[in-house]
Amino acid sequence: MDATSPVTADQLVARTTFADPYPIYHALRDRSPVHYLSIPASTATGTTVPVWAWGLLKYDDVYRALRDHDTFSSEDPRAGQFGPKIVLIQDDPPRHTRLRRLVNKAFTPKRIEALEPWMTDVANSLLDEIGRGATDIVAAYTVPLPVKVIARLLGIPGEDYATFKRWSDAFLSTVSSQMHERLQNVQEMVSYFGQMATARRAQGAEDLITALVEADIDGERLQDWEILGFCILLLIAGNETTTNLLGNMLNVLLDRPLLWQQLREDRSLVEAVIEETLRYESPVQRLFRTATRDVEIGAAKIAKGDRVTIFYGAANRDPAAFPHPDEFRLDRDLRTHVAFGTGIHYCLGAPLARAEARITLNAFLDRFPALSRAAAPAVRQTASPIVLGFSQLPVVLNPQ
Ligand code: HEM
């Protein structure tokens with residue numbers, strides 16, 4: 001950022017901001033809520049009407065909006081325009097309450113805990129495959145681990161893993177030239193999960209789809225399209241987010257060799273490193289709401305129907321909530337960050353993401369006396385404003 005030019009709210013949608021959002025957040029926070037052009041009209045993306053939004057950048061405002069789901073609705077007026085509607089995360093009560101209860105029943109901590117030994121094996125076999133020397137840890141580790149975990153949770157057979165990854169990539173792609181391919185992949189995925197739900201209804205297995213098919217609260221069950229919507233949500237919500245948490249954490253540690261040594265000697269610090277990474281480099285930077293009534297936040301008069309962007313990553317760097325927010329410190333109150341949101345939409349996968357991070361960090365610490373960067377540059381992703389992370393993170397790994 002050029003220090004002499006004034007920062008404008010429109011910079012929130014600049015690609016350079018996606019890679020390094022903090023200078024913009026800090027410059028705009030005092031003016032928050034800021035009004036900005038969130039999605040410009042574009043024939044390429046099919047958005048005919050530009051979308052303006054209020055950006056919330058202060059911790060207190062973000063917290064308040066997340067807690068007040070009556071005023072800040074998660075329903076997306078444009079949902080369904082680019083593929084199947086995403087359930088749960090874009091639902092309000094009472095539908096959200098019903099779905100969350102059914103899904104909570106299927107997505108239990110016990111189910112996650114039972115997966116831990118297997119996740120540890122996957123982590124170790126990925127590291128065995130890498131061996132020693134320079135490698136891009138994103139391609140070799142932080143992408144495959146979460147994809148394999150979600151596939152296994154859902155009960156997708158190992159041999160279908162590559163197809164699953166292709167669907168996941170296609171669904172997340174916003175490149176307009178690939179829209180046809182995307183649609184084809186989505187159709188394939190819809191029919192696959194539809195067949196799986198039918199098969200699990202006929203004969204259950206030890207997997208999440210069976211749990212979803214069987215979930216029953218007072219005679220209420222999930223319908224097929226809800227099961228499908230939930231599978232798609234897991235693809236989106238569970239993969240890239242966790243990939244970015246793992247990459248961001250390793251990147252932080254690449255810059256802090258002393259902390260690496262400390263961690264090798266004292267594993268009780270592992271949890272603090274994960275929580276501080278979630279705050280300091282939040283994998284989910286922004287998500288959206290719609291105001292259901294006129295409401296004032298600070299000096300802003302937000303009108304009924306206005307779009308509101310929640311900047312989780314800006315809240316987590318707010319000096320009013322976290323003194324010296326740009327310092328990575330383990331002596332903070334580590335659970336006040338909002339990296340997983342708060343309120344009724346609090347991340348369902350938080351225990352799973354934390355488990356994957358813990359298993360990863362311990363597996364790396366067990367093997368590598370030090371972590372260092374390879375000659376090739378680390379590359380931040382700039383394709384999506386929603387997530388913060390690396391598309392490439394070359395490291396040198398030398399097992400002891
Ligand atoms: C580090 C990794 C992750 C981060 C940072 C993250 C972040 C978030 C955030 C911020 C929300 C709140 C959305 C809102 O306020 O509207 C959320 C919701 C959600 N997350 Fe995650 N997530 C992560 C991993 C996962 C994983 C691994 C899964 C599943 C396997 C998952 C499943 C979900 C679901 C289903 C919701 C919607 C909950 C609801 O609407 O009631 N997430 N996540």
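The structure displayed is predicted, hence computed values, not measured ones. (Residues numbered from 1 in each chain as written. Predicted model: local features only at pLDDT ≥ 70, side-chain atom pairs only at ≥ 80, totals over all residues. Heavy atoms only, no water.)

> Help me understand the site of the ligand in this model?
In the neighbourhood of the ligand, 29 residues make up the surrounding shell, with H96, R100, Y312, H345 and C347 lying closest. Within the side chain of H96, one N or O atom sits 2.7 Å away from an oxygen atom of the ligand. In the model, an oxygen atom of the ligand is placed 2.7 Å from a nitrogen or oxygen of the R100 side chain. Every element with two or more residues in the shell around the ligand is listed here: α4 (95–106), α11 (224–238), α12 (240–254), β5 (286–291) and α16 (350–367). Per element, the largest residue contribution to the shell around the ligand is four residues, and it comes from α11. (Near = heavy atom within 4 Å. Polar contact = N/O pair within 3.5 Å; in protein donor to acceptor, adjacent residues only side chain to side chain. Helix = DSSP H or I, 4+ residues; strand = E, 2+ residues; numbered from the N terminus.)

> Sorry if this is basic, but what is going on with the pairing of β5 here?
Regular strands place their side chains on alternate faces of the sheet. Direction of pairing for strand β3 (residues 72–73) relative to β5: antiparallel, over a ladder of two bridges. If you follow S73 over to β5, its bridge partner there is T290. Sheet analysis places β5 next to strand β8 (residues 307–311), joined by five bridges and oriented antiparallel. Looking at β8, one finds that L287 is bridged to I310. (Pairing = 2+ DSSP bridges.)

> What exactly am I supposed to notice about helix α13 (residues 257–265) here?
Residue pairs three or four apart in sequence face the same way in an α-helix, which turns once every 3.6 residues. Within α13 the residues assigned to the buried category are L259, W260 and L263. Along α13, the residues classed as buried sweep out an arc of 105° about the axis, all on the same side. Away from its buried face by more than 90 degrees, α13 exposes P257, L258 and E265. For α13, the elements touching its buried residues are α12, α14 (270–280) and α16. (Buried < 20%, exposed > 50% of the residue type's maximum accessible area, 1.4 Å probe, protein only. Arc of directions from axis to C-beta. Contact = heavy atoms within 4.5 Å.)

> How should I be thinking about the domain arrangement of the protein chain in this particular structure?
Accessible area lost when the parts come together is the quantity often used to give the size of an interface. Annotation of the protein chain at the domain level lists domain 1 (1–67 + 285–338) and domain 2 (84–279 + 348–397). Computed from C-alpha atoms alone, the centre-to-centre distance between domain 1 and domain 2 is 25 Å. With 22 residues of domain 1 in contact, the opposing surface of domain 2 contributes 22 residues. The three residues of domain 1 that bury the most area against domain 2 are F18, F328 and L330, which together make up 32% of that side's buried surface. Across the domain 1-domain 2 interface, the total number found is three salt bridges. The salt bridge involving E271 is made with R335; its shortest N-O contact spans 2.9 Å. At the boundary of domain 1 with domain 2, the tally comes to nine residue pairs in polar contact (both at pLDDT 80 or more). Within the residue set of the side of domain 1 that touches domain 2, elements represented by two or more residues are α1 (15–19) and β5. Classifying every residue of the side of domain 1 that touches domain 2 by side-chain character gives 12 nonpolar, three polar and seven charged. (Domains from an automatic or database assignment. Buried area = accessible area lost by both parts, 1.4 Å probe. Salt bridge = Lys/Arg side-chain N within 4 Å of Asp/Glu carboxyl O. Nonpolar A, V, L, I, M, F, W, Y, C, P; charged D, E, K, R; others polar.)

> Looking at this structure, how should I read the nonpolar core?
Considering soluble globular proteins, one finds that nonpolar side chains tend to be buried as a cluster. Judged by nonpolar contacts, the single largest core of 88 residues is most densely connected at Y141, L154, F164, F193, F230 and F364. In terms of residue count, α16 provides more of this core than any other element does, 10 residues in total. By size, the runner-up hydrophobic cluster in this structure holds 19 residues, among which are A65, L66, V284 and V338. (Core = buried A, V, L, I, M, F, W, Y, C linked by side-chain atoms within 4.5 Å.)

> I'm lost on the packing of aromatic side chains in this one. Help?
For any pair of aromatic rings, geometry is given as the distance between the ring centres together with the angle between the planes. Across all of its chains, the model carries 12 aromatic pairs by this definition. Here Y59 and F322 contribute two aromatic rings whose centre-to-centre distance is 5.6 Å and whose plane-to-plane angle is 85°, an arrangement assigned as edge-to-face. Of the two residues, Y59 sits in helix α3 (residues 59–67) while F322 sits in the loop between α15 (312–315) and α16, which places them 263 residues apart along the sequence. F322 matches Y59 in its accessibility class, with the two residues each being buried. Arranged with centres 5.7 Å apart and planes meeting at 85°, the rings of Y192 and F193 form a pair that is edge-to-face. Here a set of aromatic residues connected by ring pairs shows up, and it is made of Y22, Y25, Y36 and F311. Stacked on the ring of F322, the Lys or Arg R279 has its end atom at 5.3 Å from the ring centre. One Lys or Arg, R317, reaches over the ring of Y280 and ends 4.2 Å from the middle of that ring. (Phe/Tyr/Trp six-rings, centres within 6.5 Å; stacked < 30°, edge-to-face > 60°. Lys NZ or Arg CZ within 6 Å of the ring centre and 35° of its normal.)

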